[in-house]
Amino acid sequence: MIPFLDLKSINNRYRSQLLEAVAKVIDSGSYIKGREVEEFEREFAAYCGTKRAVGVANGLDALRLILRAYIEQGVMNEGDEIIVPANTYIATILAVTENRLVPVLVEPALGTFNIDIDRIEEKLTNRTKAILIVHLYGRIAYAPRLKNLAQKHGLKIIEDAAQSHGAAFEGKRSGSLGDAAGFSFYPGKNLGALGDAGAVTTNDAQLAELVSALGNYGSREKYCNLYKGLNSRLDELQAAVLRVKLPYLDEENERRREIARVYLDGIRNPLIYLPQWNRGTSHVWHLFIVRCAKRDRLAAHLKEEGIGTLIHYPIPPHQQKAYAEWNANSYPVTEEIHQTVLSLPLDISMDDEDVARIVEACNRFQF
Ligand SMILES: *Cc1c(COP(=O)(O)O)cnc(C)c1O
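Described in the following lines is the structure provided in the data block. (Residues numbered from 1 in each chain as written. Predicted model: local features only at pLDDT ≥ 70, side-chain atom pairs only at ≥ 80, totals over all residues. Heavy atoms only, no water.)

### Structural notes on the side chain of glutamine 163
Stage number 1. By the element assignment, glutamine 163 lies in the loop between β5 (156–160) and β6 (168–169).
Stage number 2. Within the structure, glutamine 163 has its side chain in polar contact with the side chain of tyrosine 313 (distance 2.9 Å).
Stage number 3. Those residues in contact with glutamine 163 that sit more than four places away from it in its chain are His135, Leu136, Tyr137, Gly138, Asn190, Val284, His286 and Tyr313. (Helix = DSSP H or I, 4+ residues; strand = E, 2+ residues; numbered from the N terminus. Polar contact = N/O pair within 3.5 Å; in protein donor to acceptor, adjacent residues only side chain to side chain. Contact = heavy atoms within 4.5 Å.)

### As for the pairing of strand β1 (residues 52–56)
Stage number 1. Among the five residues that make up β1, four are buried, leaving the element largely enclosed by the rest of the structure.
Stage number 2. Bridge analysis of β1 against strand β9 (residues 198–202) gives five bridges, and the strand direction is antiparallel. Within β9, the position partnered with valine 54 by the bridge is valine 200. (Buried < 20%, exposed > 50% of the residue type's maximum accessible area, 1.4 Å probe, protein only. Pairing = 2+ DSSP bridges.)

### Some words on the site of the ligand
Stage number 1. Contacts to the ligand come from Asn58, Gly59, Leu60, Tyr89, Ala91, Thr92, Val134, Asp160, Ala162, Gln163, Ser184 and Lys189.
Stage number 2. Here aspartate 160 contributes a side-chain N or O atom positioned 2.7 Å from a nitrogen atom of the ligand.
Stage number 3. At a separation of 2.6 Å, an oxygen atom of the ligand approaches a polar side-chain atom of lysine 189.
Stage number 4. When the free accessible area of the ligand is taken as 380 Å², the share hidden by the protein chains comes to 91%.
Stage number 5. Partitioning the shell around the ligand into residue classes produces five nonpolar, five polar and two charged. (Near = heavy atom within 4 Å. Areas by Shrake-Rupley, 256 points an atom, 1.4 Å probe, with all protein chains shown as cover. Nonpolar A, V, L, I, M, F, W, Y, C, P; charged D, E, K, R; others polar.)

By themselves these figures say nothing about function.
Given below as structure tokens:
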């Protein structure tokens, strides 16, 4: 059986270093707001090419805290609108509604799964304050014409970089392409902790300070509360784990690209639509998504061949019960995507033989 994702074997590669890092934290006696977090923040900011990185508890909080900080600064107010892709993972949208801001859904492009930049302008109103792009599945959603659009209308660009650690546009890494970015280090992400973890990156030092205070009960100085904050901190253990794994991120992303190349070159089945990839561009393949009109039958076929798959995601946000107010709305491209996508294993611990077996199994699929 080739599982969809074998996290145990991925982390086992770093077992001795991880054990050493964890032991160091235990021995330090400092478990929250200590040296590991400080060092990781410095290292991750350097990796992304930003002035600052602020560790937080998870990816949802990273996005929530960015928006909350803009509200504290008066840049945004309750009821203001934030442009988001209609096919994103629910967390992007939760971060907006949690702050009493209004998500305005924009359809993605079918070829890239990313927000269709040409369809943003028609959705702008005088309440629009930001475009929250999502580098979905590891593919950069940024383009210079997005920046022009944001500048023309005075909008912030916020990146949901939860799936794009290390991806870059013309040499600039995700996390450094907009005004602020939220990262998740959920175990299955390209850079994964051994639990929940997240970070905000930005070149705006004031914003970084505000996010840091808001995630620490709204205080900079112990027992002195400047804002009605929350508790959303990266802890020392997870920071130590991330410090072990960060130096291997580029190597792991390269292995992801290698596997993607084998899929793209090897899968030849008119029933399976492969994702587009302009090979000159950076893509970190958080997920390898194919589309198939008979998606469930393809999944069943691969299961029979001993290959695990998943669906990212089966229900689009506007059809979720949590957003009942949108259930009657129609987003045809998004719906098409959710009805047809299937994620093949893209696990860096697979060997070439596993990858070849998956290609062959895909090529044997017929209705
Ligand atoms: C994983 C993910 C998040 C949320 O991250 P958590 O750490 O699970 O809170 C947000 N956005 C996207 C696109 C994600 O994939």
